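Understanding the architecture of this molecule
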Amino acid sequence: MSLLALRPILVRQRNLSLSLLRYTRPLPTLICRYSTRNAPSSTSKSLSAGRDRTDVSTDVRPIGERVKENTKTASYMGVILLGVGVTGVLFYVIFWELFSSDSPNNIYSEALERVKEESRVKDALGAPVKGYGEETRRGRRTRVAHTKYVKDGVEYIRMQFHVQGFRNRGTVHLEKRKTDSGGYEYRYLFVQLDYNPHSPIILEDNRLQQDAMRSSTGALPQPFL
């Protein structure tokens, strides 16, 4: 067979080999791309692991600083609770002073009204009559002086305040005892006149009835100092 006869066969085989090389060359690249796309990256694994570990603390401050901040927070809470407690006590005291019938303020108001309506007091002092508490050296009038004490298991309250009319002045003395029902009743209530202290105006004197077990001479109670 001559070379001219073999030439077409050789050309055909060369073309076939080139075609096979053209289609088989990208195969490793495709395999590499496929494996790269489907394989999870290390960064994604790290991020997903970080998201899954929710129990890991992110506070990187020193322990001493965190302890200091926690102590400060606890101190603030203590101050707030103390303030709330003090406010509650103040509200209770104010409520009791204003609305309780047995509070010193209401006892003073009720006794002052009785004294102001007493005709003997108005004649002696000169109407209208007004009342006030103790006076300081600067002339300021403070709260009404009173004291509470317990004797033989019974609670008592003793009080004094001042009254003044347009002519004269006087001092009111009173004492009340707590009854079994929880209220207070007068032991005595009288007005001691400044210009005649030995002739007081007596509005109440129940000591003989209340102290039946005690031998009483019926003398007037001493002024409360």
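Residues numbered from 1 in each chain as written. Predicted model: local features only at pLDDT ≥ 70, side-chain atom pairs only at ≥ 80, totals over all residues. Heavy atoms only, no water.

An unreviewed UniProt entry annotates the chain as Mitochondrial import inner membrane translocase subunit Tim21 originating from Anopheles christyi. What UniProt states about the chain under its Subunit (unreviewed entry) heading is, verbatim, "Component of the TIM23 complex." Under the Sequence similarities (unreviewed entry) heading, UniProt states for the chain: "Belongs to the TIM21 family." (UniProt positions renumbered as here; feature names shortened; annotations may be inferred.)

**Description of the packing of aromatic side chains**
Given two aromatic rings, one states the distance between the centres and the angle between the planes to describe the pair. Applying the stated rule across the entire model yields three aromatic pairs. Relative to Y156, the ring of Y149 lies with its centre 5.1 Å away and its plane at 10°, an arrangement referred to as stacked. Since its relative accessible area comes to 8%, Y156 is described here as buried. Taking the centre distance of 5.9 Å and the plane angle of 40° together, the rings of Y188 and F190 count as tilted. Like Y188, the residue F190 is buried in the burial classification. Here the basic side chain of K176 rests over the ring of Y186, its NZ or CZ set 4.4 Å away from the ring centre. (Phe/Tyr/Trp six-rings, centres within 6.5 Å; stacked < 30°, edge-to-face > 60°. Buried < 20%, exposed > 50% of the residue type's maximum accessible area, 1.4 Å probe, protein only. Lys NZ or Arg CZ within 6 Å of the ring centre and 35° of its normal.)

**Here's the deal with the pattern of salt bridges**
Evaluation of the coordinates by the stated rule reveals eight salt bridges. Between R158 and E175 there is a salt bridge whose closest N-O contact spans 2.7 Å. Within this pair, whereas R158 is found in strand 3 (residues 154-164), its partner E175 is found in strand 4 (residues 169-178), the two being separated by 17 residues in sequence. For R158, a relative accessible area of 27% puts it in the partly exposed group. Overall, the relative accessible area of 2% leaves E175 in the buried class. Overlapping salt bridges bring together R158, E175 and R187 as one network. (Salt bridge = Lys/Arg side-chain N within 4 Å of Asp/Glu carboxyl O. Helix = DSSP H or I, 4+ residues; strand = E, 2+ residues; numbered from the N terminus.)

**Looking at the pairing of strand 2 (residues 145-151)**
Bridge analysis of strand 2 against strand 3 gives seven bridges, and the strand direction is antiparallel. The partner of H146 across the bridge, within strand 3, is M159. Where strand 2 folds back on strand 3, the antiparallel hairpin that results is connected by two residues, among which D152 adopts a positive phi of roughly 55°. (Pairing = 2+ DSSP bridges.)

**Overview of the nonpolar core**
If you look at the biggest cluster of nonpolar residues, it comprises 23 residues, and the most contacted ones within it are M159, F161, V163, L174 and V191. Only helix 5 (104-117), helix 6 (119-125), strand 3, strand 4, strand 5 (184-193) and strand 6 (201-205) provide two or more residues apiece to this core. Aside from chain neighbours lying at most four places away, what touches V191 is V115, V121, V163, T171, V172, P200, I201 and L203. (Core = buried A, V, L, I, M, F, W, Y, C linked by side-chain atoms within 4.5 Å. Contact = heavy atoms within 4.5 Å.)

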